[in-house]
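Residues per chain, in single letters:
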Amino acid sequence: MTNIVILDSKRNRDIKVAFEPRLTPQDGLGHIQVFPSELEAAHKEFPVFFKKHSGTGQFFLVAILSLQENGNIFSSDGSWDSRYIPLMSRRGPCMIGRSGGSLSLCVDLNDARVGEQGQRLFDEQGFTTDIAKEAAGILFLIHQGKIQSDHLMDALNAESLIEPISVAYPKGAPLCNLQGLYSINPRKLQDLQPDPLQQLNRSGALRSAYLLASSAANLDKLWQGEEQMPNADKSSER
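Report follows, based on the coordinates. These figures come from a predicted structure and were not determined experimentally.

**Side note on the sheet that holds strand 2 (residues 16–17)**
Working step 1: Across the sheet, three strands lie side by side as 10-2-11; this open sheet has antiparallel pairing. Strand pairing shows two members of the sheet lacking a second neighbour, strand 10 (114–115) and strand 11 (119–120), which therefore form its edges.
Working step 2: Direction of pairing for strand 2 relative to strand 10: antiparallel, over a ladder of two bridges. Across the sheet, the residue bridging to Val-17 is Val-114, located in strand 10.

**Here's the deal with the sheet that holds strand 8 (residues 94–99)**
Working step 1: Read from one edge of the open sheet, three strands run 1-9-8, paired in antiparallel fashion. In this open sheet, the two edge strands, each paired with only one partner strand, are strand 1 (4–6) and strand 8. In this sheet, neighbouring strand axes are inclined to one another by 45° on average, regardless of whether the strands run parallel or antiparallel.
Working step 2: Where strand 8 lies against strand 9 (residues 102–108), six bridges are found, and the strand directions are antiparallel. When the bridges of strand 9 are listed, Ile-96 appears paired with Leu-105.
Working step 3: Relative to strand 8, helix 3 (residues 130–158) is tilted by about 75°, and along the sheet it contacts strand 8 and strand 9.

**Some words on the nonpolar core**
Working step 1: Counting residues in hydrophobic clusters, the biggest one holds 60 residues, and the most contacted among them are Phe-46, Val-48, Phe-50, Leu-61, Leu-156, Leu-178 and Leu-222.
Working step 2: Top element by residues in this core is helix 3. It accounts for 10 residues.
Working step 3: Aside from chain neighbours lying at most four places away, what touches Leu-156 is Phe-50, Leu-161, Ile-162, Ile-184, Leu-200, Ala-205 and Ala-209.

**Brief notes about the packing of aromatic side chains**
Working step 1: Inspection of the entire model under this criterion finds four aromatic pairs.
Working step 2: For the ring pair Phe-50 and Phe-59, a centre distance of 6.2 Å and an interplane angle of 65° mean the geometry is edge-to-face.
Working step 3: Judged by its relative accessible area of 1%, Phe-50 falls in the buried class.
Working step 4: Taking relative accessible area as the criterion, Phe-59 reaches 12% and is therefore assigned buried.
Working step 5: Judged by centre distance (4.9 Å) and plane angle (70°), the rings of Phe-59 and Tyr-182 are edge-to-face. In this pair, Phe-59 is assigned in strand 5 (residues 59–64) and Tyr-182 in strand 13 (residues 182–184), connecting sequence segments 123 residues apart. With respect to burial, Phe-59 and Tyr-182 carry one shared label: buried.
Working step 6: Ring-pair connections join several aromatic residues into one group, and the members of that group are Phe-46, Phe-74 and Trp-80.

Conventions adopted
- Residues numbered from 1 in each chain as written.
- Predicted model: local features only at pLDDT ≥ 70, side-chain atom pairs only at ≥ 80, totals over all residues.
- Heavy atoms only, no water.
- Pairing = 2+ DSSP bridges.
- Helix = DSSP H or I, 4+ residues; strand = E, 2+ residues; numbered from the N terminus.
- Axes fitted to C-alpha atoms, helices over the stretch in contact; angles between N-to-C directions.
- Contact = heavy atoms within 4.5 Å.
- Core = buried A, V, L, I, M, F, W, Y, C linked by side-chain atoms within 4.5 Å.
- Buried < 20%, exposed > 50% of the residue type's maximum accessible area, 1.4 Å probe, protein only.
- Phe/Tyr/Trp six-rings, centres within 6.5 Å; stacked < 30°, edge-to-face > 60°.

See below:
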């Protein structure tokens, strides 16, 4: 159970946080949410697809990390091996909340990374530390990323470019973590008329669509990674 509080320099002055770039159930295991601003780097490392929110029906981007629902082939011994680490993992146990009309830095006090170990978020005088400022910067990028995601989905949905996909599994591969995925229909993208194509290009959605399509080549990493990793190492740390 979470215990999310808005950080206060008086009440939480001695709080310490271990900013370990690992996955937690609230971030999503086996996959992690990414944002349009991350696609330039993420598409080189991970297969990136759309998933649909079960409550709202809204599409969002995810990087697939494993064929297993709780795995991450890009991590070993609690550390990421990939050249790029997604923002949602780098944020640690911190998140953004609203206080009045402004955004505030929050933390989950029940997260195992919060306690007596780690780095202080406030110094002895009650000023935010460099690590707290860095966390706030990452959270701002996530906040902006969610807005960018909504714009991207609106642009792609306007042309009916997002469709469910079926992934062909190698023989013997588990079938659990590549269900319910969506991607760009390449034929529809290719057949777009000049006006909508130009609109997608101006908004940046066209570039994002091509990056998404090219990221599918990284599925090979999942097949190879699952074959090479012993079962004990496939699950990410909680």
